[in-house]
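# Structure at a glance
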Amino acid sequence: MFDVIVVGGGPSGATAAEDLARSGAHVAMLDRDGRIKPCGGAIPPRLIEDFALPESQLVAKITTARMISPTGRAVDIPIENGFVGMVDREHFDEFLRCRAAKAGAERLTGTFLRVERDDQGTHVVYREKATGDERRERTKLVIGADGARSRVAAAELPGGSKIPYVLAYHEIIDAPGATANYDPARCDVIYDGAISPDFYGWVFPHGKSASVGMGTALGSVDLKQATAALRSSAGLAECKTLRREGAPIPLKPLDRWDNGRDVVLAGDAAGVVAPSSGEGIYYAMVGGRVAATAAMATLMSGDVAKLKLARQLFMKEHKTVFRVLASMQNAYYRSDDRRERFVSLCHDIDVQKLTFEAYMNKRLVKARPMAHVRIGLKNLAHLTGLVRPGFV
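Pairing is mixed across the open sheet formed by seven strands, whose spatial order is β6-β5-β12-β13-β14-β11-β15. The sheet is open, and its two borders are formed by β6 (74-78) and β15 (241-250), each paired with just one other strand. Along the sheet, successive strands turn relative to each other by an average axial angle of 20°, direction set aside. Across three bridges, strand β12 (residues 186-190) lies against strand β13 (residues 201-206) in antiparallel orientation. Its bridge partner lying in β13, Ile190 is registered against Gly201.

What follows is about the packing of aromatic side chains. Taken as a whole, this structure holds 13 aromatic pairs when the rule is applied. Taking 5.1 Å as the distance between ring centres and 75° as the angle between the ring planes, the aromatic pair formed by Tyr191 and Phe342 counts as edge-to-face. Of this pair, Tyr191 sits in the loop between β12 and β13 while Phe342 sits in helix α8 (residues 336-346), and the two are 151 residues apart along the sequence. Sitting over the face of the ring of Phe83, Lys61 holds its NZ or CZ atom 4.8 Å from the ring centroid.

Take empty space enclosed by the protein next. On inspection of all chains with the given rule, the structure shows one cavity of 30 Å³ or more. By volume, the largest cavity is sized at about 40 Å³. Lining of the largest cavity is provided by Met29, Asp31, Asp33, Arg107, Leu108 and Thr109. Counting only elements with at least two residues in the lining of the largest cavity, the list comes to β2 (27-31) and β8 (106-118). Per-element accounting of the lining of the largest cavity gives the leading share, three residues, to β8. Grouping the constituent residues of the lining of the largest cavity by class yields two nonpolar, one polar and three charged.

Rules of the game
- Residues numbered from 1 in each chain as written.
- Predicted model: local features only at pLDDT ≥ 70, side-chain atom pairs only at ≥ 80, totals over all residues.
- Heavy atoms only, no water.
- Pairing = 2+ DSSP bridges.
- Helix = DSSP H or I, 4+ residues; strand = E, 2+ residues; numbered from the N terminus.
- Axes fitted to C-alpha atoms, helices over the stretch in contact; angles between N-to-C directions.
- Phe/Tyr/Trp six-rings, centres within 6.5 Å; stacked < 30°, edge-to-face > 60°.
- Lys NZ or Arg CZ within 6 Å of the ring centre and 35° of its normal.
- 1 Å grid on protein atoms, 1.4 Å probe; cavity = no way out; pocket = protein on both sides within 12 Å on 5 of 7 lines; lining within 4 Å.
- Points joined across faces, edges and corners; volume = space filled by probe spheres on them.
- Nonpolar A, V, L, I, M, F, W, Y, C, P; charged D, E, K, R; others polar.

Below, the structure written as C-alpha cells:
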C-alpha cells in the first residue's frame, strides 16, 4: 500500500511526489506519458532558488519584456538586476519527474480512471499504458494534480468541474536570429483584441525555438487562426513549426481543495494559475509543495482535517497577489480601449519597477508607498476616462 498516490506528473505533481519521497513517504506518481502542456515557459528567480532548479534547465534568459498595444505601441520594460528564466515543458516536466523518482517516488504510467473505496481502504484505478489493463493501487491519500479539467477534482470535490478557464494554444517554432521584430532575450506580450479579445498573445524565446500563442475564454475564437495572425504580425510566419499544443488554463483557485477524507488537490487542478498573466509554473510547484506538506501532516497525525493546510498555506502567501491580478484583468482586458490604456500605464517607471519586483519575488512590494499612490492615481485616471488612452 502507498502512503500517497499523486495523480499527474507535471510541475505540481512531480514536486509533490519529490517532497513526499524526501520526507520518507511511500509515494507513487501516476502520469500520462507524452503529454506536453502549452506554456510560455517563463519562470522567476524565486522558483529557481526555492526549488533548486539547475541552470541546465534554462533554454533562455530574458532581460526585457515588451508590451504591445492594439494600435501597435510597444513599451519595453527592462528586467533590472536579474533575468526571467525560460524552460521548455517538453524537457522540464520530465526532468522534474526523474528528480522525483531519484528521490524515491515510484512512477506509474497510465490514465487515471477513478478513486474507489471499500473495507480495505482507498484505491486509485488507472489504465496502464503499456498493457491497456486496468490497475488498482491501494493508498492512504490521493493528491489530484491532473490539470485544469481534473478528473480527480470533478469526481471528489463539489464544484471541482466548474473552474473558470481560458483555452491556451501555442506553436513551438524554429526561432529566427535576432530581427527587427524578434529578440532572443525579450518576451513580447500582445494586448490586441484581434489576437485575443479577452486575454493576450505572446512570443516567448526558448533559445533555438520559440513559443508563439494566445489564450481566450471565448469559444467563438479560432485559436489556430489567431496564432497564425500573431505569427504573421511578428514576422514569424515562415518559421518551421515544430509542434502544436492546446489546453485549458484555470483562472481562479477553487474554494476548497480537499474532500475532508483522503483527497487534496494541487496546481491547475486547484486553480492556482495567476489571473491576468496566466503564470502557472511557479504557483503549480508551490501548490505541489503545500499539498505534500498537508499530506505529510495528515499521515503523521492521522487527522484528515490537516488536508486543509494545502489551501491555507498557499492563500496565506499568495491570496493578495491573486486578488490584485484578477482586478487588473477585469478592469483592462474587456476592450481594446482598456488594453490601450493598460499599455500606457506600463510606460510608468513606478509600474515597471513594482510589477517586476513583485513578479521576481512573488510578493507585493510595500517599501515605496508614494509609488503606490502615484500608480493608483494614474490607474483611476485611465479607468474613469479622464485621460486619453495613449496618455503616459
